[in-house]
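Fold and contact review
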Amino acid sequence: MGRGKVELKRIENPTNRQVTFSKRRNGLLKKAFELSILCDAEVALLIFSPTGKAYQFSSHEMDRTIGRYRSEVGVYQPNNEGLRTMEVWRNEIDELKRTIDNLEATHRHIAGEDLTVLGMKELKQLERQLRIGVERVRSKKRRIISEHINLMKRRQRQLQEENTQLQKKVKLHELEEVGNANSTSTLLGLNACVSFQRFVEQDGADH
């Protein structure tokens, strides 16, 4: 029995859509290659994925085949340098947009979002990249912590040295105060003796 008629419409499930795209893209590229070999045909095939990634096959130089196509169908090829420059800039802008879209998609995948479009191979690759990234983050964190500990140790040694110097100054000051006190006491004692001696002499003279 032949297969029933299949209604062609957009596949709503993102995972199924991605799987179907990969299978049919590979099949289409294979058919283009076989056609060029078996029939000696000049074949050029361009495919852009929904995310903007380009896939291509060309049996000859792609630019030559595109130029031949333009000539066959009468597509105007501008000779004006300004128009060619504008076309180059438009292509550059389109390429940048595709790059931005890919980077945004990669960012979402790294954040654990929009993973349904990834197959097992892509998920394993993402997991490996995340492991490498986590290890780099941990290594950087350990280095920062080590540097902070070394800084605190140096600061501790500086504080200990400052404390030792302050203790020496305090002890020296205390010794100076004790010396001054002893000198004062000695001086007072001498003054008292002199005064007493004068008193005795004055008293003897009176008698």
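Quantities reported herein were computed from a predicted structural model and do not represent experimental measurements. Sequence order as written defines the numbering, with residues in each chain counted from 1. Restriction of local features to residues with pLDDT of at least 70 applies here, the model being predicted, together with a cutoff of 80 or more for giving and counting side-chain atom pairs; totals for whole chains, interfaces and linings are based on all residues. Side-chain calculation: all heavy atoms of the structure are included, whereas hydrogens and water are not.

We count a stretch as a helix when DSSP gives it H or I for four or more residues in a row; a strand needs E for two or more, and each element gets its number in order from the N terminus. Summing up its helical and strand segments, the protein chain has four helices and two strands in all. Contact criterion: two residues are considered in contact whenever any of their non-hydrogen atoms come within 4.5 Å of each other. Taking contacts inside the protein chain between residues at least 6 apart in sequence as the whole, the part at least 24 apart equals 24%. Only the protein chains shown count as covering a residue, and every accessible area follows the Shrake-Rupley method with a 1.4 Å probe. Roughly 18,200 Å² of accessible area belongs to the protein chain as shown, and the carbon and sulfur atoms make up 57% of that amount.

Working note: α-helix, 3.6 residues per turn, so residues spaced by three or four point in the same direction. Taking 1.5 Å of rise per residue, the 12 residues of helix 2 (residues 62–73) would be expected to cover 16 Å, and the 17 Å separating its terminal C-alpha atoms lies within 8% of that figure. Backbone geometry just after helix 2 places G74 at a positive phi near 75 degrees. Residue count minus one, scaled by 1.5 Å, sets the expected span of a helix.

Here the focus is the side chain of S36. Mapped onto the elements, S36 comes out in helix 1 (residues 14–38). Judged by relative accessible area, which is 9%, S36 ranks as buried. Exposure categories follow from relative accessible area, calculated using a 1.4 Å probe and restricted to protein chains: below 20% of the type maximum is buried, above 50% is exposed, and the middle band is partly exposed.

Here we take up the environment of L28. Mapped onto the fold, L28 is located in helix 1. Accessibility expressed as a relative area gives 43% for L28, which makes it partly exposed. What L28 contacts, discounting residues up to four positions off in sequence, is L45 and I47.

A word on the pattern of salt bridges. Salt bridge, as used here, is a side-chain nitrogen of Lys or Arg placed within 4 Å of a carboxyl oxygen of Asp or Glu. If you walk through the whole model with that rule in mind, you get seven salt bridges. E42 serves as the salt-bridge partner of R64, at 3.2 Å between the closest nitrogen and oxygen. Highlighted residues: R64 in helix 2 and E42 in the loop between helix 1 and strand 1 (44–48), separated in sequence by 22 residues. Of the residues examined, R64 reaches a relative accessible area of 45% and is grouped as partly exposed.

Turning our eyes to something else, we now look at the packing of aromatic side chains. Side-chain rings of Phe, Tyr and Trp (the six-membered ring for Trp) are treated as a pair once their centres are within 6.5 Å; stacked means planes under 30 degrees apart, edge-to-face means over 60, and tilted covers the remaining angles. Applying the stated criterion across every chain yields a total of two aromatic pairs. The lysine or arginine in question, R25, covers the ring of Y55, its NZ or CZ lying 4.2 Å from the ring centre. Whether a charge lies above a ring is judged from NZ of Lys or CZ of Arg, which has to be within 6 Å of the ring centre and within 35 degrees of the ring normal.

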